[in-house]
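# Summary of structural features
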Amino acid sequence: MKNSLIQKYNVPGPRYTSYPTVPYWDETDFSDEIWAETLKKSFIESNSSEGISLYIHLPFCESLCTFCGCNKRITKNHGVENPYIEAVLKEWTLYCKILGEKPTIKEIHLGGGTPTFFSTKNLEDLINGIFVHANKAKDHEFSFEGHPNNTSHEHLQKLYDLGFRRVSFGVQDYSEKVQKAIHRLQPFHNVAKVTFWAREIGYTSIGHDIIFGLPFQEIEDIIDTIEKTKSLQPDRLAFYSYAHVPWIKGNGQRGFNDEDIPKDDKKRMLYETGKKLLYENGYHEIGMDHFALKTDSLHEAFQNGKLHRNFMGYSSSKTQLMIGLGVSSISDSWYSFAQNVKNLEDYYQVLEWNKLPVFRGHLLTTEDLIIRKHILNLMCQFETSWENKEGYFNEIPDVILQLKEMENDGLVLIKDNSIEVTEKGKPYVRNICMAFDLRLKRKAPETELFSMTI
């Protein structure tokens, strides 16, 4: 039965870091002026009560990992660091002029690319430069992504001194055969070293990212990777499905063939094996693809109904306004989305003109805002409700009709004015969210847009 469900529901679908998803943004009503208006509106509504979040994209990597679908620039030339930091700080200055007063920053996340490609001096200049125009929230949560091969003790200490308390390390898989296929050779002792350093320095949340469904990956590889992970006891884990999207321009997904990638039942068995081992070792499922120990803030947020999800992934704290800095970054004012240009040279050029480097966006409709909340609820709490009129929209009966089949398959429980995802249904939460995705229903993709849901 489980195998037939996998075959039934394993279809292309979004990961829902936003709604509407980026391919369904309607750019016709969007403009730089509208983006600035919604930005200021959201800032006025939320800055004093919850602060804002910053996502800073640091795109450089010394080598190409062939599983990666992120926006990156491969180079060994570290002379690129200073011009990029200067450009990001200029972009931030332009945003601060629009906001009109010093924002209070609750969250910063450094993503990539490889943030630890940058020297500690440049990272220090970046963070200090941000706070020339901003205040730091008392309960701030600053995090960064570290590559185990090039994250130094100095990196960890300096970022800790700057207020960072959370770090995630990209592990992927410990099998040498898998690592060769994805061009990500990193021995276990490198991961152990940076994990121990971070714990010794005082980081309160250390995360590891593991991927299932990678080329040549076998059950034995997942077992070995989880066993090694258990010995290091990271506070939280992202246990992702490999997203095979080779059609995306600039994607590095090559060096292996489609037939080398585990699919359908075999891929699901990799997940089920890993999930069982994580449960046995004290990890609890938190939203989609994430697990945490009871002592981690992500678990506490999930238990208290305060877990949030945005373009940075899952967070234990919510802010209404998230500003993305750097090439290709996406910002979210709650009322609209805006994305920066994807090409590095274009990014520099637009900033030379003293303009925000935004090239597209979406103004959310009333319907978008309602559905967005439902999808957030499902992704963060595995349930949602339309008991209040604020949660009701005209297509709810059609959504329920579609969910009836999922209820028959044991994936959801439908109540009078709410639904709840069952334990059996958690691996299918993307499919359940798709039942609410009116934009996807109204216009099915004509080309390949999304990775497979399972």
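Rules behind the numbers
Residues numbered from 1 in each chain as written. Predicted model: local features only at pLDDT ≥ 70, side-chain atom pairs only at ≥ 80, totals over all residues. Heavy atoms only, no water. Core = buried A, V, L, I, M, F, W, Y, C linked by side-chain atoms within 4.5 Å. Buried < 20%, exposed > 50% of the residue type's maximum accessible area, 1.4 Å probe, protein only. Helix = DSSP H or I, 4+ residues; strand = E, 2+ residues; numbered from the N terminus. Contact = heavy atoms within 4.5 Å. Arc of directions from axis to C-beta. Axes fitted to C-alpha atoms, helices over the stretch in contact; angles between N-to-C directions. Parallel < 35°, antiparallel > 145°, perpendicular 65-115°, else oblique. Nonpolar A, V, L, I, M, F, W, Y, C, P; charged D, E, K, R; others polar. Pairing = 2+ DSSP bridges. Right-handed = clockwise from strand over helix to strand, strands pointing away. Domains from an automatic or database assignment. Buried area = accessible area lost by both parts, 1.4 Å probe. Salt bridge = Lys/Arg side-chain N within 4 Å of Asp/Glu carboxyl O. Polar contact = N/O pair within 3.5 Å; in protein donor to acceptor, adjacent residues only side chain to side chain. UniProt positions renumbered as here; feature names shortened; annotations may be inferred.

Our focus in this paragraph is the nonpolar core. Ranked by size, the top nonpolar core spans 55 residues in total, and within it Trp92 and Leu110 carry the most contacts. The element contributing the most residues to this core is helix 3 (residues 81-99), with ten residues. Tryptophan 92 has contacts with Ile52, Leu54, Pro103, Ile105, Gly129, Ile130, His133, Ala134, Ile323 and Leu325, leaving out every residue within four places of it along the chain. Membership of the second largest hydrophobic core comes to 53 residues, among which are Trp25, Ile330, Phe337 and Ile432.

When helix 5 (residues 153-161) is considered as a whole, its buried residues turn out to be His155, Leu156 and Leu159. Down the axis of helix 5, the sector holding all buried residues measures 95°, keeping them to one side. Of the exposed residues in helix 5, the ones pointing more than 90 degrees away from its buried face are Glu154 and Asp161. If you follow the buried residues of helix 5, they end up packed against strand 4 (104-112), helix 4 (120-130), strand 5 (135-146), strand 6 (164-172) and helix 7 (188-201). Directly after helix 5, the chain includes glycine 163, whose backbone phi takes a positive value near 110°.

Where helix 3 meets helix 4, the closest approach of the two axes is 10 Å, and the angle between their N-to-C directions is 10°. For the element pair helix 3 / helix 4, the angle class is roughly parallel. Of helix 4, the residues touching helix 3 (which contributes Glu81, Asn82, Ile85, Val88, Leu89 and Trp92) are Asn122, Asp125, Leu126, Gly129 and Ile130. Its residues assigned to classes, the contact of helix 3 with helix 4 comprises six nonpolar, three polar and two charged.

Attention now goes to the pairing of strand 8 (residues 236-241). Burial runs high along strand 8: five of the six residues are buried. In this sheet, strand 8 lies alongside strand 7 (residues 205-212) in parallel orientation, the contact comprising six bridges. Its bridge partner lying in strand 8, aspartate 209 is registered against alanine 238. For the handedness criterion, the β-α-β arrangement of strand 7, helix 8 (residues 219-232) and strand 8 is classed as right-handed.

This part is about the domain arrangement of the protein. The domain boundaries assigned to the protein delineate domain 1 (1-20 + 365-453) and domain 2 (25-325). Taking the mean C-alpha position of each, domain 1 and domain 2 sit 25 Å from one another. Of the residues lining the interface, 25 residues belong to domain 1; the matching set on domain 2 comes to 30 residues. Considering only the surface of domain 1 that becomes buried against domain 2, Arg15, Thr17 and Cys380 emerge as the three largest contributors, covering 24% of it. At the boundary of domain 1 with domain 2, the tally comes to two salt bridges. Two residues, lysine 275 and glutamate 423, come together in a salt bridge whose shortest N-O distance is 3.8 Å. Linking domain 1 to domain 2 there are six residue pairs in polar contact (both at pLDDT 80 or more). If you list the elements that add at least two residues to the side of domain 1 that touches domain 2, you get helix 1 (2-9), helix 12 (366-381) and helix 14 (429-434). Looking at the side of domain 1 that touches domain 2, its residues break down into eleven nonpolar, seven polar and seven charged.

Okay, the UniProt feature "binding site: [4Fe-4S] cluster" (unreviewed entry) in the protein next. Within this structure's numbering, the places UniProt gives as "binding site: [4Fe-4S] cluster" (unreviewed entry) are Cys61, Cys65 and Cys68. When you line up the elements, cysteine 61 lands in strand 2 (residues 60-61). Residue classification places cysteine 61 among the buried residues on the basis of a relative accessible area of 11%. Once residues lying within four places of it in the same chain are set aside, the contact partners of cysteine 61 are Lys72, Arg73, Ile74, Thr75, Gly113, Thr114 and Phe117. For cysteine 65, the location among the structural elements is in the loop between strand 2 and strand 3 (73-74). The class for cysteine 65 is buried, based on a relative accessible area of 12%.

Turning to the sheet that holds strand 17 (residues 383-385), a few remarks are in order. With respect to topology, three strands assemble into an open sheet ordered 17-19-18, the strand pairing being antiparallel. Edge positions in the sheet fall to strand 17 and strand 18 (412-414), since each of these pairs with one other strand and no more. Neighbour-to-neighbour, the strand axes of this sheet turn through a mean angle of 10°, independent of strand direction. Here three bridges tie strand 17 to strand 19 (residues 418-421), and the two strands are oriented antiparallel to one another. Pairing of serine 385 across the sheet is with serine 418, part of strand 19. Strand contacts of helix 12: strand 17 and strand 19, with the helix running at about 150° to strand 17, the strand carrying the most contacts. The sheet contacts of helix 13 (residues 396-408) involve strand 18 and strand 19, and relative to strand 18 the element is tilted by about 130°.

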